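Residue-level structural notes
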Amino acid sequence: MNLVESSRLAVKGVLVNPLRSTLTTLGILIGVAAVIVLVAVGTGSSTAVQDQISRLGSNTLTVTAAQGGTGGRGGFAGRGGGFTGLRAVTRPAGSSPRIDTGTQTRLAQLTVDDAAALSDTAQAPDVVSVAPEVTARSVTATYEGAQHAVGTLTGTTPSYLVNDDDTVAAGSAFSDADYTGHRRVALLGTTVAADLVGGDGSDAVGKTIGLNGIDYTVAGVLASKGTVGPEDADDRVIAPLTAVQDTLSGYGSLDRISVKASSAATVDAATAEVEGILDARHRVTAADADFSVSSASSFLSAATSSNRTFTVLLACVAAISLLVGGIGVMNIMLVTVTERTHEIGIRKALGARRGDIVGQFLVEAVLLSVIGGLLGVLVGLAGSRFTIVGVRPVVAPYSVLLAFGVAAGVGLTFGLYPANRAAALRPIDALRHD
């Protein structure tokens, strides 16, 4: 008996019990669809994170203080160039300009003077832009009865927009004069602006809003950056660091310093220059440094590795569904063999060989799996068109081929035992079976 005849008998066997065949293929369908959708979610999450990090630019560095670290003796402020040509702004009387204990240890921290030193082109020729940053926490924005809990409020300098690859969609950015003059102006993310004034938020320009009850004038509305998973990248406010320190955060240390290298090729050189300047200012070495310098490329590498692990985990969880579906195929084929024992005996008595019997039942098992696989692919592709837990799935072509291939393999593997069991029946015993 050739393959065509085996296929004809397999199709007939599938159609004899449509409900049972449907339920069997449903297990494979769910498994294949789950693999495609979950891998798409993992891939989409990875793509979103990579896009978000890439917006920082491959030549952006971030300097942060080491948690709980201590450095050497505190140094005095340098006279290097400030941010965008400005000198470090003098703090009001009564504030702490720097830490100089006169001892060999001090609390790890970054200061405005550190940022000013990093912008000195003589010491850091590969650094083109420096932006110190402080973050004010638990800030609520209000306007004429409307209020919004701000996700992130950053106090910084005009250079921040360059480093963070931000643009202003309405109004204008705050200037160096706003920074040096401690002016209370702010740039709103589209989420904040829309919640306060409605519409697309552009009408917020020129309005006076409250930030924890303190009046700030809206200079502009930032262009939308979208979301990264569950995080809204537009739920933010940016204001001059001097004004934020005056009113919201106080004159503590900086949370971080953003540094932009002249190009992606000079990131390593810029990193070395930043580390050298801060080592000298903080009186530390690489062994006991009280700060760390990271780049967008290092964030991207870590995020890619993490998301790859996450995607593999999701795929493994989904693959369990395929395994369960394969067990279902085996179960149904064993039942089919039992029900058709008498038929098997007649065919063997008429001269059917072992290979004919194996081929008939094996093709039937594979057929059930292939039908379930094809339907699962369609369902998986359709399901991947919807946003899931805040992530826009991105279908990975390999997942479609892999899921369908595994589904066919499952039918072949789990159908082999029932087929061999049918072929091993002795004709006389099969004919006697009721």
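Presented here is a report on the structure given in the accompanying data block. (Residues numbered from 1 in each chain as written. Predicted model: local features only at pLDDT ≥ 70, side-chain atom pairs only at ≥ 80, totals over all residues. Heavy atoms only, no water.)

Some details on the overall build of the chain
Counting secondary structure elements, the chain contains 13 helices and 16 strands. Relative to its 434 residues, the chain shows a buried fraction of 47%. In the chain, once contacts between residues fewer than 6 apart in sequence are set aside, the share between residues at least 24 apart is 81%. In the structure as shown, the chain presents an accessible area of about 20000 Å², 59% of it carried by carbon and sulfur atoms. (Helix = DSSP H or I, 4+ residues; strand = E, 2+ residues; numbered from the N terminus. Buried < 20%, exposed > 50% of the residue type's maximum accessible area, 1.4 Å probe, protein only. Contact = heavy atoms within 4.5 Å. Areas by Shrake-Rupley, 256 points an atom, 1.4 Å probe, with all protein chains shown as cover.)

What about the nonpolar core?
When a protein is soluble and globular, its nonpolar side chains tend to lie buried together. Within the largest apolar cluster, 49 residues are counted, with the highest numbers of intra-cluster contacts made by Val63, Leu188, Tyr216, Ile257 and Val274. At five residues, helix α8 (residues 267–282) tops the list of elements feeding residues into this core. In terms of nonpolar packing, the next biggest core, distinct from the first, is built from 28 residues, Ala34, Ala365, Val400 and Ala407 among them. (Core = buried A, V, L, I, M, F, W, Y, C linked by side-chain atoms within 4.5 Å.)

Digging into unusual backbone geometry
Phi at Ser138 takes a positive value of approximately 55°, unusual for a residue other than glycine. Accessibility expressed as a relative area gives 70% for Ser138, which makes it exposed. With a phi angle near 55°, Arg283 is a residue other than glycine that sits in the positive phi range. You can see Arg283 is positioned in the loop between α8 and β16 (291–295). Under the relative-accessibility criterion, Arg283 is labelled partly exposed at 49%.

Here we look at the packing of helix α11 (residues 354–383) against helix α12 (residues 397–423)
The geometry of α11 relative to α12 is characterised by a closest axis approach of 7 Å and an angle of 155° between their N-to-C directions. What the angle tells us is that α11 and α12 run roughly antiparallel. Where α11 crosses over α12, the two elements pack in a sense that is right-handed. (Axes fitted to C-alpha atoms, helices over the stretch in contact; angles between N-to-C directions. Parallel < 35°, antiparallel > 145°, perpendicular 65-115°, else oblique. Left-handed = near helix turned anticlockwise from the far one by under 90°.)

Comments concerning the pattern of salt bridges
Counted according to the given criterion, the structure contains eight salt bridges. Between Glu133 and Arg256 there is a salt bridge whose closest N-O contact spans 3.1 Å. Residue Glu133 is found in strand β4 (residues 127–136), and its partner Arg256 is found in strand β15 (residues 256–261); the two are separated by 123 residues along the sequence. Glu133 gets classed as buried once you look at its relative accessible area, which sits at 5%. You can call Arg256 partly exposed: its relative accessible area is 26%. (Salt bridge = Lys/Arg side-chain N within 4 Å of Asp/Glu carboxyl O.)

With respect to the side chain of Thr25
Note on placement: Thr25 falls in helix α2 (residues 18–54). A relative accessible area of 10% means that Thr25 is categorised as buried. Of the polar contacts made by the side chain of Thr25, one reaches the backbone oxygen of Thr22; its length is 2.8 Å. When near neighbours in sequence (up to four residues on either side) are disregarded, Thr25 contacts Leu368, Ile371 and Gly372. (Polar contact = N/O pair within 3.5 Å; in protein donor to acceptor, adjacent residues only side chain to side chain.)

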